[in-house]
Each structure stands twice: as structure tokens, then as C-alpha cells.
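What the coordinates show
Residue strings, one per chain:
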Amino acid sequence: MTAKPLVEMRNISIAFGGIRAVDHASLDLFPGEVVGLLGHNGAGKSTLIKILSGAYRRDSGDIYITGEKAEINNPRDAKKYGIETIYQTLALADNVDAAANLFLGRELKTRWGTLDDVSMEAEARKVMGRLNPRFRRFKEPVIKLSGGQRQSVAIARAIYFNARILIMDEPTAALGPQETAQVGELVKQLKAEGIGIFLISHDIHDVFDLADRVCVMKNGQVVGTARTSDVTQDEVLGMIILGKCPPGAVPGPGAMPMAA
Ligand SMILES: Nc1ncnc2c1ncn2[C@@H]1O[C@H](COP(=O)(O)OP(=O)(O)OP(=O)(O)O)[C@@H](O)[C@H]1O
Ligand SMILES: [Mg+2]
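Reading the values: the criteria
Residues numbered from 1 in each chain as written. Chains lettered and ligands numbered in written order. Predicted model: local features only at pLDDT ≥ 70, side-chain atom pairs only at ≥ 80, totals over all residues. Axes fitted to C-alpha atoms, helices over the stretch in contact; angles between N-to-C directions. Helix = DSSP H or I, 4+ residues; strand = E, 2+ residues; numbered from the N terminus. Parallel < 35°, antiparallel > 145°, perpendicular 65-115°, else oblique. Left-handed = near helix turned anticlockwise from the far one by under 90°. Contact = placed C-beta atoms within 7 Å. Pairing = 2+ DSSP bridges. Buried ≥ 20, exposed ≤ 12 C-beta atoms within 10 Å, placed from the backbone. Domains from an automatic or database assignment. Nonpolar A, V, L, I, M, F, W, Y, C, P; charged D, E, K, R; others polar. Right-handed = clockwise from strand over helix to strand, strands pointing away. Core = buried A, V, L, I, M, F, W, Y, C linked by C-beta atoms within 7 Å.

- The protein chain is annotated in an unreviewed UniProt entry as ATP-binding cassette domain-containing protein from Mesorhizobium marinum.

Structure representation (C-alpha cells):
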């Protein structure tokens, strides 16, 4: 992969009170790449991606998007750079259908200023056809959909507005095995379209299935980053638990110092 990185985060830090939630973290993401972000509770994973999505303002560090220094200080800025986030809660409006969710707050209007339901449904069918061709339940409120189908509606909403960078925070935490597999298919589809994805997960198996690289955080610091083909799952567990960086990984500031 020799393309320019979509995202480069360099030396990102943020503290809450006395706690260094993210401490000089650096991480990049290439087009069509899935990078899994792993680490224990409180390691700083969500905080780091919330800085990228503009939910938090970093204390220091720089973000580059396709090689250019980016000013990301709020969620609106992040969207301008094509960064979309899907939180675990999905934030769907339960009582309306897929199309209404797709255009929530960005509704299409007719030239008379009324809601253009026909166009919105047509667009919804187009984008869902790309993501999840078996999806048929366009007329139902999303509360009636399965977890996997709800996830595809949330992803459709994120990518419809030209996301190039997708952040998924624990996308499968509330899903059963079959729906987890469905989300995996969605991720592969997005990857094939050149979208870069940060995937936060507690499930190391999911991450190994889907990610090209993994980045492990501990106590706000990056322990290391590795191609999934260069490390074993046991080695990655060692990174998560002990902060021990194996030979196949590039160590970060949080790597345990080598025994003398
Ligand atoms: N808004 C906040 N105010 C104060 N402290 C915060 C805030 N957000 C996060 N923290 C702290 O920052 C640290 C990193 O938390 P973060 O949520 O990023 O961890 P995480 O790796 O996403 O964990 P989890 O796996 O539980 O989601 C924790 O010590 C957390 O308590
Ligand atoms: Mg988190």
C-alpha cells in the first residue's frame, strides 16, 4: 500500500483533570484499510477516535487528512473531511423508516419545500442496494429491524454523505453471531470501495478477521501497531495485557521497556 494515508494522527494528547486519557498517540489509516483499535477498558480508544471525530478537542498533536494538516475542532469540521462515526448506540430514530433515518436532519425537499419522500426512498434503496442487497424492509420503522439491519441503516447514513473515513466504536458488541457476520460483510464492502475504517472492539477474533492492522493502547499510550499477518493473537493479547510489543509490531511510547 503506497497510497497517501487518509488519516495521520501525530502525538495526540488529551487530559481530563489529572488523567492522561490519550498520551502522545500516533496512528494512521490508508484508503481501503481496516485498522482495529484494541485495549482494556479505559485504555483511551474511544477518546482517541473522539478527537478525530471532533467530539473532543485535543490538548496537543496534529491531524493530517490525505497529507494536509486538518483543523478538526468539532463534529462539523470532521464531517467536512469525510469522517463519519457510528457509535455503539447507533443513534437511529426508532419510529421512522430507513429512508427517514438516512436523511435525518438533512432531508431532501421538493421545489415546493415539502419533504421529498419519493426521492429519499429511491436514494435509500440505492445505497442499501450497495451495502446490503437483501434488505427489503424499507417501509418499516427501524425499531422493528434486526440488530444487523439497524447497523446497515446506520452505516448507510454515514456513507451516503461521502464518508471516506469511517469510525466504528464496538459495532458488534450488542449483536449475535449471525449479525456480527453481517456487519463483517458490510465492512468488507466498504473496504472494497476504498473507505478507511477504524474499528474499535473488545473482540480480538473479530478484529483479526476484519483488520489489516491492529493498534493496541494501554493507559492512554500506544503499545504498538502491527499488520495482523505479522503477529499472532497471543502476541496481541500480550500487548493488551502486559504492554509487551512483539517483534512483528512497531512499538509506540506505551511499549514496555525491554528487560535488560
Ligand atoms: N469526558 C471525560 N471526562 C473525564 N474522563 C474521561 C472522559 N472520557 C474519558 N475519560 C477517561 O479517559 C480514559 C480513557 O477512556 P476511554 O473511554 O477513551 O477508554 P476506552 O479505551 O474507550 O475504554 P472502553 O473499552 O471501556 O470503551 C479513562 O480513564 C476514562 O475514565
Ligand atoms: Mg470506549
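**Some details on the packing of helix α5 (residues 147-160) against helix α6 (residues 177-192)**
- Look at α5 against α6: their axes get within 8 Å of each other, and the N-to-C directions meet at 20 degrees. By the angle between their axes, α5 is roughly parallel relative to α6. Note that α5 runs across α6; the crossing there is right-handed. Listed contacts from α6 to Gly 147, Gly 148, Gln 151, Ser 152, Ile 155 and Ile 159 of α5 are Glu 179, Gln 182, Val 183, Leu 186 and Leu 190.

**Some points on the sheet that holds strand β4 (residues 60-65)**
- Overall, antiparallel pairing links the four strands, which are arranged β2-β1-β4-β5 in an open sheet. In the strand order of this sheet, the two ends are held by β2 (19-29) and β5 (68-69), each with one partner.
- By the bridge criterion, five bridges tie strand β1 (residues 7-16) to β4 in an arrangement that is antiparallel. In the strand pairing of β4, Val 7 is matched with Ile 65.
- Against the sheet, helix α1 (residues 45-52) contacts β1, β2 and β4, and its axis sits at roughly 115 degrees relative to β1.

**What about unusual backbone geometry?**
- One non-glycine residue, Thr 66, adopts positive backbone phi at about 40 degrees.
- Assignment of secondary structure puts Thr 66 in the loop between β4 and β5.
- Since 16 C-beta atoms lie within 10 Å of it, Thr 66 is described here as partly exposed.
- Its identity is not glycine, yet Asn 219 carries a phi of approximately 50 degrees, on the positive side.
- Mapped onto the secondary structure, Asn 219 falls in the loop between β9 (213-218) and β10 (221-227).

**Brief notes about the domain arrangement of the protein chain**
- When its domains are assigned, the protein chain resolves into domain 1 (7-82 + 164-251) and domain 2 (99-160).
- Distance between the C-alpha centres of domain 1 and domain 2: 27 Å.
- Counting residues at the interface gives 11 residues for domain 1 and 10 residues for domain 2.
- When residues of the side of domain 1 that touches domain 2 are assigned to their parent elements, the largest contribution, six residues, is made by α6.
- The class makeup of the residues in the side of domain 1 that touches domain 2 is eight nonpolar, two polar and one charged.

**A few points about the pairing of strand β7 (residues 165-169)**
- Along β7, five of the five residues are buried, which leaves the element largely enclosed by surrounding structure.
- Burial of the side chains of β7 extends over both faces: Ile 165, Ile 167 and Asp 169 are buried on one face and Leu 166 and Met 168 on the other.
- Pairing between strand β6 (residues 83-86) and β7: four bridges, direction parallel. Along β7, the bridge assignment pairs Thr 85 with Ile 167.
- Pairing analysis gives five bridges linking β7 to strand β8 (residues 196-200), with the strands arranged parallel. Among the inter-strand pairings, Ile 165 is bridged to a residue of β8, identified as Gly 196.
- Note on the crossover from β7 through α6 to β8: the handedness is right-handed.

**Quick notes on the nonpolar core**
- Membership of the largest hydrophobic core comes to 72 residues, with the highest contact counts inside it found for Leu 52, Leu 166, Ile 197, Phe 198, Leu 199 and Val 216.
- Built from parts of two domains, this core gets at least three residues from each of domain 1 (7-82 + 164-251) and domain 2 (99-160).
- Contacts of Leu 199, omitting those with residues within four sequence positions, involve Val 34, Val 35, Gly 36, Leu 37, Met 168, Val 207, Leu 210 and Ala 211.

**Considering α1**
- A large share of α1 lies buried, amounting to eight of its eight residues.
- Every buried residue belonging to α1 is among Lys 45, Ser 46, Thr 47, Leu 48, Ile 49, Lys 50, Ile 51 and Leu 52, and all of these are buried.
- Looking one or two residues beyond α1, the residue adopting positive phi is Gly 54, at roughly 80 degrees.

**Points about the sheet that holds strand β11 (residues 250-251)**
- Spatially, the seven strands line up as an open sheet ordered β6-β7-β8-β3-β9-β10-β11, and their pairing is mixed. The open sheet terminates on both sides in strands that have one partner only, identified here as β6 and β11.
- As paired strands, β10 and β11 are joined by two bridges and run antiparallel to one another. Its bridge partner being in β11, Gly 224 is matched across the sheet by Pro 251.

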